Amino acid sequence: MSAAPEELYERLRAYEGRVAASGGEGRDPVNEPMIRHWCEAMGDTNPAYPGIAPPTMLQAWTMGGLGGHPGGSARSEAYDQLLALLDGAGCTSVVATDCEQEYLRPLRPGDRITFDAVIESVSPRKTTKLGTGHFVTTRMDIRAGGELVGTHRFRILKYAPVRPKKKPEPESEPKARRPRPVINRDNAGFWEGVAAHQLLIQRCTGCGTLRFPWLPGCGGCGSPEWDTVAASGAGTVFSYVVMHHPPFPAFDPPYAVGLIELAEGVRIVSNITGVPHDKVRIGMPVELEFLRADDELELPVFRGAVA
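Residues numbered from 1 in each chain as written. Predicted model: local features only at pLDDT ≥ 70, side-chain atom pairs only at ≥ 80, totals over all residues. Heavy atoms only, no water.

A few points about the sheet that holds strand β8 (residues 210-211)
Strands pair in a sheet through their backbones, by hydrogen bonds, and they do so in one of two ways: parallel or antiparallel. Formally: Only when DSSP finds a minimum of two bridges between them are two strands counted as paired. Numbered from the N terminus, helices here are DSSP runs of H or I no shorter than four residues, and strands are runs of E no shorter than two.
If you walk across this open sheet you meet the three strands as β8-β7-β9, and the pairing is antiparallel. With one partner strand each, in any of the chains shown, β8 and β9 (226-230) form the two edges of the open sheet.

Quick look at the structure:
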């Protein structure tokens with residue numbers, strides 16, 4: 001840091017009590033659709049909603065969204081100066097650490113929200129696993145019709161990130177192997193089929209229902225009796241994801257993992273090969289093939305075709 005820690009801290013403390021935001025207005029009045037969306041997302045079935053807003057929605061009514069607040073930002077020049085001072089001291093990274101809320105009365109549909117905020121405190125220099133810096137706490141006072149309805153304290157850490165130590169290059173590392181499947185008495189027959197280049201699907205001999213993945217009993221009629229049918233190998237991409245992060249040993253991201261609907265009607269999760277990951281599409285036809293991962297492991301995968 002450019003300034004001595006004690007000197008920097010005194011300069012930072014001078015911002016305590018200064019305005020962080022003023023004249024803020026909620027973009028929308030408290031409203032039932034947003035309350036319903038929130039409750040559905042949170043799984044909150046309290047019958048009091050949407051007649052009132054859940055207390056924990058307090059901050060939601062103050063947020064500007066991607067479009068920002070009407071008339072521009074409500075953030076003060078003092079708060080920008082404080083952040084610039086920390087940036088200049090090398091504390092260029094930021095992470096939100098916690099928040100505290102206090103509720104004074106329920107918010108109701110139609111309430112118009114206004115808010116102001118103050119820089120409540122700046123901590124002394126702290127060293128964390130992320131790096132060294134200062135915690136900055138702001139307190140937002142939230143009003144409806146001029147009446148104080150709640151407060152929201154928000155704390156961030158502005159810090160100089162720790163530089164990771166460079167690891168020495170290994171002289172040589174054996175190539176990582178794919179994880180081994182867990183084979184037990186319930187699915188051993190499936191893996192025996194793979195070894196013979198067959199994708200076997202269980203079929204209940206009681207009701208004829210096909211099932212995958214392999215299970216000890218039928219989910220339709222409960223019968224424990226079954227035999228197998230070999231999949232034709234034809235299928236379509238029912239859904240998929242492209243894996244970018246985190247990287248795993250033996251895998252080379254980005255790569256596509258699909259939920260494949262087989263022609264027989266059951267679905268299997270597997271890699272999609274033969275096409276670039278960004279060309280995979282829902283509904284794309286695929287064909288079964290077997291991938292030799294290493295000397296001990298062979299896996300069923302599905303090759304796609306770009307039209």
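Let's talk about the sheet that holds strand β13 (residues 285-292)
Here is the rule: Here an angle of 0 to 180 degrees is reported between the N-to-C directions of two axes, which are lines fitted to C-alpha atoms, with helices fitted over the stretch in contact. Throughout, a contact is declared for two residues whenever any of their heavy atoms are within 4.5 Å.
The strand order β10-β11-β12-β14-β13 describes a closed barrel built from five strands, whose pairing is mixed. For this sheet the average axis-to-axis angle between neighbouring strands, irrespective of direction, equals 50°. Where strand β12 (residues 267-273) lies against strand β14 (residues 298-304), two bridges are found, and the strand directions are parallel. Counted as the bridge partner of T273 is R303 from β14. Packing against the sheet, helix α4 (residues 188-195) makes contact with β13 and β14, and its axis sits at approximately 65° to β14.

What about the pattern of salt bridges?
Put simply, the test is: By salt bridge we mean one thing: a side-chain nitrogen of Lys or Arg within 4 Å of a carboxyl oxygen of Asp or Glu. Type-normalised accessible area, obtained with a 1.4 Å probe on protein chains alone, sets the label of each residue: buried when under 20%, exposed when over 50%, and partly exposed for intermediate values.
Scanning the entire structure with this criterion turns up 17 salt bridges. A salt bridge links E147 to R105; the shortest N-O distance between them is 3.1 Å. Here E147, found in strand β6 (residues 147-161), pairs with R105, found in the loop between β2 (93-103) and β3 (113-122); they are 42 residues apart in sequence, far enough to count as distant. A relative accessible area of 40% places E147 in the partly exposed class. Here the residues in one salt-bridge network are E120, R139, D141 and R153, joined through shared partners.

A word on the side chain of T138
Checked against the element boundaries, T138 lands in strand β5 (residues 131-144). What T138 contacts, discounting residues up to four positions off in sequence, is A20, Y79, V118, I119, E120, H152, R153 and F154.

Quick word on the packing of helix α1 (residues 5-13) against helix α3 (residues 77-88)
So the rule is basically this: Oblique is the label for any angle not covered by the other classes, which are roughly parallel (under 35 degrees), roughly antiparallel (over 145) and roughly perpendicular (65 to 115).
Across the interface, α1 lies against α3 with an axial gap of 10 Å and an inter-helix angle of 170°. As judged from the angle between their axes, α1 and α3 are roughly antiparallel. For the pair α1 and α3, the contacting residues are L8, R11 and L12 in the first and L82, L85 and L86 in the second.

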